[in-house]
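# A look at the structure
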Amino acid sequence: GAAEEEGEEDENPPGTLTPWLLPVYAQLARPTCLIRYLDLSRTVIQLSAAEGLGQCLKTAPIEVLILNQCDIDDDEMAAVSLGIAENKSLRELRLRNNQLKNEPGCAALLTAVGKHPRLAHLDIAENIHPRELMDELLFALRWSLSLVAVHVLGAPVKSRQMNELAVGLNRSEEHTSE
C-alpha cells in the first residue's frame with residue numbers, strides 16, 4: 001500500500017513480540033513477581049506474544065488475567081492454554097471478543113480450565129463457539145473443582161446458539177444426576 005511505498009514498515013510484523021510486552025514478561029518470569037492482576041485488553045496478541053505469555057503463566061502468581069479484544073485466534077489460544085494448564089494461582093480469566101472459532105484452541109483452553117485447581121470465573125463470551133465444543137465445555141463444568149461462573153454467550157447471539165447451549169447443558173445435568 002501507500003505506507004510501504006513511502007518506506008514505512010508495519011510496527012509489529014507477524015512473528016515479532018510487541019516491544020512493550022518484553023518488560024512485562026520479564027517481570028512475570030521472576031520468582032519474586034508481585035503481579036496479581038494483568039489486563040492486556042485491546043493489545044494484539046500474535047503467536048510469539050501468546051507463546052511468551054504461555055511460558056510466563058506456568059509460574060506467574062497472576063490471579064486475574066484479562067485478554068479481552070486481543071485478536072487472539074485458536075493457535076494463539078492453544079499457546080496460552082499451555083501456561084494455564086500448569087498455572088496454580090489464576091482465579092479469573094476473561095477472553096471476551098477474540099477470534100476463537102475452531103476446536104484446537106478452544107478445546108485446549110477448556111481442558112486446561114476443567115483441570116485448573118483455582119479458576120473460578122471464565123469469560124469466553126462474544127466469540128464464535130462451534131457446536132463441537134459442547135463436550136469440552138461440559139468437561140470443564142463437570143470436572144472443575146473451582147469453576148463457579150462461565151460467561152459463554154454475549155452479544156450478538158443467535159437464538160439457535162442459545163438453544164443449543166441450553167439443551168447441551170440440560171443433557172449434562174441429566175447424565176450427572178443418573
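Remember, predicted model here, so these are calculated numbers, not experimental data.

## Things to note about the sheet that holds strand 5 (residues 149-151)
The strand order across the open sheet built from five strands is 1-2-3-4-5, with neighbouring strands paired in parallel fashion. Here the strands that pair on one side only, and so sit at the sheet edges, are strand 1 (37-39) and strand 5. Ignoring strand direction, the axes of neighbouring strands in this sheet form an average angle of 0°. The pairing of strand 2 (residues 64-66) with strand 3 (residues 92-94) spans three bridges and is parallel. Bridging across to strand 3, Ile 66 finds its partner in Arg 94.

## Remarks on the pattern of salt bridges
Evaluated as defined, the whole model comprises four salt bridges. In this structure, the salt-bridge partner of Arg 96 is Asp 123, at a minimum N-O distance of 2.9 Å. Here the residue Arg 96 occupies a position in the loop between strand 3 and helix 5 (103-115), and Asp 123 occupies one in strand 4 (residues 121-123), the gap between them amounting to 27 residues. With relative accessibility at 25%, the residue Arg 96 sits in the partly exposed group.

## A word on the packing of helix 2 (residues 21-29) against helix 3 (residues 47-57)
One way to put it is that helix 2 packs onto helix 3 with a least axis distance of 9 Å and a crossing angle of 20°. Viewed along their axes, helix 2 and helix 3 adopt a mutual orientation that is roughly parallel. Remark: the crossing between helix 2 and helix 3 carries left-handed chirality. On helix 3, the residues that touch Leu 21, Tyr 25 and Leu 28 of helix 2 are Ala 49, Gly 52, Leu 53 and Cys 56. Within the contact of helix 2 with helix 3, the residues separate by chemical class into six nonpolar, one polar and no charged.

## Notes on unusual backbone geometry
In this model, Asn 97 sits at a positive phi of 60°, which is unusual for a non-glycine residue. Note that Asn 97 resides in the loop between strand 3 and helix 5. Despite not being glycine, Glu 126 shows a phi value in the positive range, around 65°. For Glu 126, the location among the structural elements is in the loop between strand 4 and helix 6 (134-143).

## Digging into the nonpolar core
Core analysis: the biggest nonpolar cluster contains 41 residues, and Leu 28, Ile 84 and Leu 93 have the highest contact counts within it. When contributions to this core are tallied by element, the ones reaching two or more residues are helix 2, helix 3, helix 4 (74-86), helix 5 and helix 6. Ranked by residues supplied to this core, first place goes to helix 5 with six residues. Residues within four places of Leu 28 in sequence aside, it is in contact with Cys 33, Ile 35, Leu 38, Leu 53, Cys 56, Ala 60 and Ile 62.

Rules behind the numbers
Residues numbered from 1 in each chain as written. Predicted model: local features only at pLDDT ≥ 70, side-chain atom pairs only at ≥ 80, totals over all residues. Heavy atoms only, no water. Pairing = 2+ DSSP bridges. Helix = DSSP H or I, 4+ residues; strand = E, 2+ residues; numbered from the N terminus. Axes fitted to C-alpha atoms, helices over the stretch in contact; angles between N-to-C directions. Salt bridge = Lys/Arg side-chain N within 4 Å of Asp/Glu carboxyl O. Buried < 20%, exposed > 50% of the residue type's maximum accessible area, 1.4 Å probe, protein only. Parallel < 35°, antiparallel > 145°, perpendicular 65-115°, else oblique. Left-handed = near helix turned anticlockwise from the far one by under 90°. Contact = heavy atoms within 4.5 Å. Nonpolar A, V, L, I, M, F, W, Y, C, P; charged D, E, K, R; others polar. Core = buried A, V, L, I, M, F, W, Y, C linked by side-chain atoms within 4.5 Å.

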